[in-house]
Amino acid sequence: MNASLGRQAETPHPYAIQRPDRIPVQRYFDAEFYALEREKLWPRVWQMACRLEEIPKPGDFVVYEIFDESVIVTRVDANTVKAFHNACRHRGVQLVQDRGSAPDGFTCPFHGWQWKTDGKCKFVYSPTLFEKDQLKGQDLALRECRLETWGGCAFINFDNNAPSLRESIEPFATMHDAWHVESLRTEWWLAARLPVNWKLAMEAFMEGYHVMATHPQLLPPGATAGPDTVYAKMPPELSPMSPFLTATTAPMPDTVKSREFIEMNLYYMRLLNEGMAGMTHAKDIRTAEALVDAPLPADMLGAMTTFRKMLNEAVVADHRKQGMDIGDLNDVDRKNYATSVNFCFPHYFLLPTFGSASSYRIRPLGPEECLFELWSLTRFPPGTEPPRIKTPTPMGPDDPRWPPIPQQDFSNLPRQQRGLHTRGFEFMRLSNQMEGLISNYQRLIDGYLAGQGYDKLLPAAHKVSGSIDVPVADLGF
Ligand code: FES
Ligand SMILES: [Fe+2]
C-alpha cells in the first residue's frame, strides 16, 4: 500500500484510480499490482487467442499462452473450433506446443495416451493397470476452455460465468461487422518483446494526441508541430476516421482545386501505406489513383465529403468485382463506425482503413515486459489467399524490419517506462478529452480488481471497447 494515496480505507486495492484523469504510476511496474491483474482481471476476460486462418483444416491447432496458462485452440470441423487446457490428463505433460496439425488427435509424448480433436480420450495403454475410477470417460476428456468466435478470430475466457463474447465487446463488434471484418486475412504478422508494462504499450495506440510530435510526417501539408497546428474536434461527417482532425489554424482556402485536393489525399494514403506497410492498402491506393480527374465541389467541406463518398464506392466496387467480400463503406461512415483505431478490451485493436486494416494484440510477460503483435490484414480474391501463417519470432523494438510508424511509436516506450521510475513522478496526467480511453479502460481494470460483478462490469465495458480519442466516461463505479 502506498501511504501517500491516503484513501486506503475506501479503496479495495492499492493504486486504484482516485481521479479519472490521473493514473498512479505504480500501476505500470508494481509487482503486487501486476499479481492482482493476473489473479482478478485476466481469468475473467475474453482474450483474442488466434486468428481463424491459423487453423484452416480439421485438426489444425494453435497454443495460446498467458502467464502460466496454456490453451490449445483447435479446429474440430469446418464449423467447430474448441479450446482445451494444454495438459495430459495422466501426469500433466503439455500435449502440444506452438502450432501444428493433428487430424488424428493429440498423443501425449510421455506414456502415449491419446485424445480426439473434440477432446474425448481414445486410448490409454494397459488400462487394467489402473483402478477403474481413475479412467472414467468424462474425467479423462481434455478439460475444455470457453471459446467463442467473432470477426475472424477465436476468443477464450477462463470464466464460465462471464457474459457472451458478443455482449462483452460491444460496440466494437457491431462497428466491424458492418465492415465485414471476418473476410480479412493476414498478409504479414510481426511481434516484438517490449521492455515495458503491457498497459504502457497499449496506451501508445489509444490516442491521436501523440501524432504531432511522434509522427510529424502525418501533419497537414506545410504545418509544423507547434501552436499553429491544433487537434480540432470535428463532427463525424467531416472527420469520419477520428473525432479529432489535425489542422492548421490558418484559414482554409476558399476554393478547392479538385485535382490538387485528390493528389493531397493520395499523398496521405501512400504515406500511411509506407508507414504501416499496409493498413491503407496498395489496392485501395490504385482505386483512388483512378479517380484523380474526378470533378469535386469547390468548397472544402463539399470536396471532403464528395471525395470520401466517391472513394468508398469505388473501393467497394473494385473489391466486389474481384469477388472479395466487403461491407458498404458509405453505410459504415453513415453509422459513424469508420473510426480508424478501435480498441477491444482487454488487449486487442483493429485499425480499419477502407478495405484493409492493421491489428494489434498485447500480452503481459512480466511487470515491465510485454509481447506486442502486429498483423497486416487485407481481403483476397477467392483462391488467392496466402498459405497458413507462422508464429512470428519476437524482435526488438528497434529492429529495422518494423515499418516506420510502429518504429516511431516503439522509440518512446522504453524511455517512458524508465521515466516512470523517476523520483517525483507520481501519476500520468491525462487530457480528459483526447486521452479519455486510457482512463476508461484503466478504471474498468479497477472494476475487475475490486471484484465487481458483471452487472457493473458489462455496462462499463460498453464505454471502453470502441474508438480511441474519446473523453473520460462515467463508468458507474
Ligand atoms: S503424462 Fe501423458 S500419458 Fe502419461
Ligand atoms: Fe503512433
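Because the structure is a prediction, the values reported are computed rather than measured. (Residues numbered from 1 in each chain as written. Chains lettered and ligands numbered in written order. Predicted model: local features only at pLDDT ≥ 70, side-chain atom pairs only at ≥ 80, totals over all residues. Heavy atoms only, no water.)

Another point: the overall build of the protein chain. Of regular secondary structure, the protein chain possesses 13 helices and 20 strands. Oriented by its inertia axes, the alpha-carbon framework of the protein chain measures out at about 90 × 60 × 40 Å. Expressed as a percentage of its 477 residues, the buried residues of the protein chain come to 55%. The long-range share in the protein chain, meaning contacts at least 24 apart out of those at least 6 apart in sequence, stands at 65%. (Helix = DSSP H or I, 4+ residues; strand = E, 2+ residues; numbered from the N terminus. Buried < 20%, exposed > 50% of the residue type's maximum accessible area, 1.4 Å probe, protein only. Contact = heavy atoms within 4.5 Å.)

Quick look at the domain arrangement of the protein chain now. Considered domain by domain, the protein chain is made up of domain 1 (17-46 + 162-477) and domain 2 (48-157). Contact with domain 1, which involves 36 residues of that partner, is made by 30 residues of domain 2. Linking domain 1 with domain 2 are two salt bridges. Counting every contact that joins domain 1 to domain 2 gives 16 residue pairs in polar contact (both at pLDDT 80 or more). Secondary structure elements with two or more residues in the side of domain 1 that touches domain 2: helix H1 (31-41), helix H3 (165-168), helix H4 (172-177), strand E12 (185-194), strand E16 (348-353), strand E17 (356-366) and strand E18 (369-378). (Domains from an automatic or database assignment. Salt bridge = Lys/Arg side-chain N within 4 Å of Asp/Glu carboxyl O. Polar contact = N/O pair within 3.5 Å; in protein donor to acceptor, adjacent residues only side chain to side chain.)

Within this structure, the stated rule accounts for 26 aromatic pairs. Each ring, one from Phe123 and one from Tyr125, has its centre 4.7 Å from the other, and the planes form 80°; the classification is edge-to-face. Aromatic side chains Phe205 and Tyr360 sit 4.6 Å apart centroid to centroid with 55° between the ring planes, which places their arrangement in the tilted category. In this pair, Phe205 sits in the loop between helix H5 (198-203) and helix H6 (211-214) while Tyr360 sits in strand E17, placing the two residues 155 residues apart along the sequence. Since its relative accessible area comes to 7%, Phe205 is described here as buried. When its relative accessible area of 4% is taken as the criterion, Tyr360 is described as buried. Each member of the aromatic cluster is reached from another via a ring pair, and the members are Phe205, Phe343, Phe345, Phe349, Tyr360, Phe372, Trp402, Phe410, Tyr441 and Tyr448. The positively charged end of Arg379 is found above the aromatic ring belonging to Trp179, 4.7 Å away from the centroid. (Phe/Tyr/Trp six-rings, centres within 6.5 Å; stacked < 30°, edge-to-face > 60°. Lys NZ or Arg CZ within 6 Å of the ring centre and 35° of its normal.)

Now for the coordination of the iron ion (ligand 2). Looking at the metal site, the iron ion (ligand 2) is ligated by His210 (NE2), His215 (NE2), Asp409 (OD) and Asp409 (OD), spaced 2.1 to 2.7 Å from it. Coordination geometry of the iron ion (ligand 2): the four donor atoms subtend angles of 52 to 147° at the metal centre, consistent with an arrangement described as irregular. Each donor residue of the iron ion (ligand 2) lies on one chain, and together they are spaced H-x4-H-x193-D. We note that His210, like His215, is buried. (Donors = N, O, S within 2.8 Å, 3.2 Å for Na, K, Ca; no water. Tetrahedral: all angles 85-135°; square planar, octahedral: opposite > 155°, others 65-115°.)

Reading across from one edge, E2-E11-E10-E5-E4-E3-E6 is the order of the seven strands in this open sheet, with antiparallel pairing throughout. Of all the strands in the sheet, the pair left with one neighbour each is strand E2 (47-51) and strand E6 (99-101). Between one strand and the next, the sheet's axes are offset by a mean angle of 30°, whatever the strand orientation. Of the strand pairs in this sheet, strand E4 (residues 69-77) and strand E5 (residues 80-85) are connected by six bridges, and their pairing is antiparallel. Looking at the pairing, Asp77 lines up with Thr80 of E5. (Pairing = 2+ DSSP bridges. Axes fitted to C-alpha atoms, helices over the stretch in contact; angles between N-to-C directions.)

Let us now look at the pairing of E16. Along E16, six of the six residues are buried, which leaves the element largely enclosed by surrounding structure. In E16, alternate side chains face the same way, and those of Tyr348, Leu350 and Pro352 on one face and Phe349, Leu351 and Thr353 on the other are all buried. When strand E15 (residues 342-344) meets E16, the two strands line up antiparallel, connected through three bridges. Looking at E16, one finds that Cys344 is bridged to Tyr348.

Once that is clear, we can look at the packing of helix H8 (residues 282-289) against helix H9 (residues 300-321). For any two helices packed against each other, one specifies the inter-axial angle together with the distance between the axes. It is the contact of H8 with H9, at a shortest axis distance of 9 Å, that shows an interaxial angle of 120°. Between H8 and H9, the angle falls in the class oblique. Of the two elements, H8 crosses H9, and the hand of that crossing is right-handed. Note on element contacts: H9 touches H8 through Leu311, Ala314, Val315, Asp318 and His319, opposite Lys283, Asp284, Thr287 and Ala288. Its residues assigned to classes, the contact of H8 with H9 comprises four nonpolar, two polar and three charged. (Parallel < 35°, antiparallel > 145°, perpendicular 65-115°, else oblique. Left-handed = near helix turned anticlockwise from the far one by under 90°. Nonpolar A, V, L, I, M, F, W, Y, C, P; charged D, E, K, R; others polar.)

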